[in-house]
Amino acid sequence: MPARSRLRAIAAAAGVLVLVQALAVGLYWAVERRRGAERPGRPFAHERLHDGQRMPDATFEHPDGTLLDAAALRGRPVLLHFWATWCAPCRAELPRLLALGRQLEKAGRLHLVAVSVDENWDVVRAFFGGEVPPGVVRAGSPAVQRRFGVSTLPDTFLVEADGRMSLRFTGARDWRAPEATTLLLGQERPAP
């Protein structure tokens, strides 16, 4: 067989192999997507914090410059969410989280505090088109993040009414998922 024909045969075989692999990967993803849709009650990814760790002392800053002491949040569950305007997953996640927070706050079930770790309010205001929504505060200092052990953004903690941190959600989540509401309303949270 001449060298040119051999090269064409090898190229054709490689093309067929690539096509078969692409079809296999596509089939795998289709099956996995279908399995996910058929699995009601899939857990909403989170970490249970069993050691009864209390929410660290921290002070957050409101857009008007007034301060919010973390101790003042006791009395009902709080979803404490660390984010930044420069964090792409945060920007995608935050609108859904704020919508869920408004819904749960309106029902009197949970208080959402979205803690921006940005350096100043100018970038936060620009992110929201000038008007910062209620519940958005600023950390004011990297020391606040360190006290909570935040090293990756977004990072979210569920703090129980007594100040005990019970759940942690590291990374972005789809807060529209029914499992999110179930967890946040306490139907699957660990006992104190």
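Per chain, the residues get numbers from 1 upward, laid out in the order the sequence is written. Whole-chain, interface and lining totals are the exception, using all residues; otherwise, since this is a predicted model, local features are given only for residues with pLDDT of at least 70 and side-chain atom pairs are given and counted only at 80 or more. To get the side-chain values, take all heavy atoms of the structure and skip hydrogens and water.

A separate point is the nonpolar core. Side-chain atoms within 4.5 Å link the members of a nonpolar core, which is a set of buried Ala, Val, Leu, Ile, Met, Phe, Trp, Tyr and Cys residues. Classification of residues uses two cut-offs on accessible area relative to the type maximum, computed with a 1.4 Å probe and protein chains only: under 20% is buried, over 50% is exposed, and between them is partly exposed. Ranked by internal contacts, the top residues of the largest apolar core, which has 49 residues, are F60, L79, F82, V136, F148, W175 and L184. Numbered from the N terminus, helices here are DSSP runs of H or I no shorter than four residues, and strands are runs of E no shorter than two. Per-element accounting of this core gives the leading share, six residues, to helix α2 (residues 88-106). Any two residues whose heavy atoms approach within 4.5 Å are treated as being in contact. Excluding residues within four positions of it along the chain, F60 makes contact with T66, L67, L68, A70, L73, L80, V115, V137, R138, A139, V144 and F148.

Below, the discussion takes up the side chain of Q145. One can find Q145 in helix α4 (residues 142-148). Residue Q145 is classed as buried on the basis of its relative accessible area, which comes to 18%. With residues near it in sequence (within four places) discarded, Q145 still touches F82, V117 and V150.

Successive residues of a regular strand alternate their side chains across the two faces of the sheet. Counting buried positions along strand β4 (residues 78-83) yields six of six residues, so the element is predominantly enclosed. Where burial is concerned, the two faces of β4 agree: the one with V78, L80 and F82 and the one with L79, H81 and W83 are both buried. Strand pairing is defined by DSSP finding a minimum of two bridges between the two strands. Direction of pairing for β4 relative to strand β5 (residues 111-116): parallel, over a ladder of six bridges. Note on β5: the bridge partner recorded for L79 is L112. Handedness rule for crossovers: strands pointing away from the viewer, path from the first strand over the helix to the second running clockwise, crossover right-handed. Handedness of the β4-α2-β5 crossover: right-handed. As judged from the five bridges shared by β4 and strand β7 (residues 155-159), these two strands associate in the antiparallel manner. Paired with L79 across the strands is L158, a residue of β7.

Attention shifts here to the pattern of salt bridges. Here, a salt bridge means any side-chain nitrogen of Lys or Arg that lies within 4 Å of a carboxyl oxygen of Asp or Glu. Under the counting rule described, the total for this entry stands at six salt bridges. The residue D155 makes a salt bridge to R168 at a minimum N-O spacing of 2.4 Å. Taken as a pair, D155 in strand β7 and R168 in strand β8 (residues 165-170) lie far apart in primary sequence, 13 residues in all. D155 gets classed as buried once you look at its relative accessible area, which sits at 0%. With its nearest N and O atoms 3.0 Å apart, the salt bridge here joins R176 to D174. Classification of D174 as partly exposed rests on a relative accessible area of 33%. Look at the salt bridges and you will find they share partners, linking R54, D162 and R164 into a network.

Compared with the 27 Å implied by 1.5 Å per residue over 19 residues, the 28 Å span of α2 between its first and last C-alpha is a close match. The quantity called bend is, for any residue, the angle between two axes fitted respectively to the seven residues ending at it and the seven beginning at it. Its axis deflected by about 35° at L94, α2 carries its strongest bend there, up to four residues before the proline P95. Burial in α2 covers these residues: C90, E93, L94, L97, L98, L100, G101 and L104. Where α2 is buried, its residues meet β4, β5, α3 (121-127), β6 (136-138) and α5 (178-184). Multiplying 1.5 Å by the helix residue count minus one yields the expected span of that helix.

Chain-level pLDDT for the protein chain is 84 on average; 84% of the residues reach the 70-or-more range. As a per-residue measure, pLDDT tells how confident the predictor is, with possible values from 0 to 100. By mean pLDDT, helix α1 (residues 3-38) is the weakest element of the protein chain at 67, and β6 is the strongest at 97. Taken as a whole, residues 35-42 scores under 50 in pLDDT and shows five contacts with residues more than four places along the chain or in a different chain. Counting contacts from residues 187-192, a segment whose pLDDT is below 50, to residues more than four positions away or on other chains yields 17 contacts.

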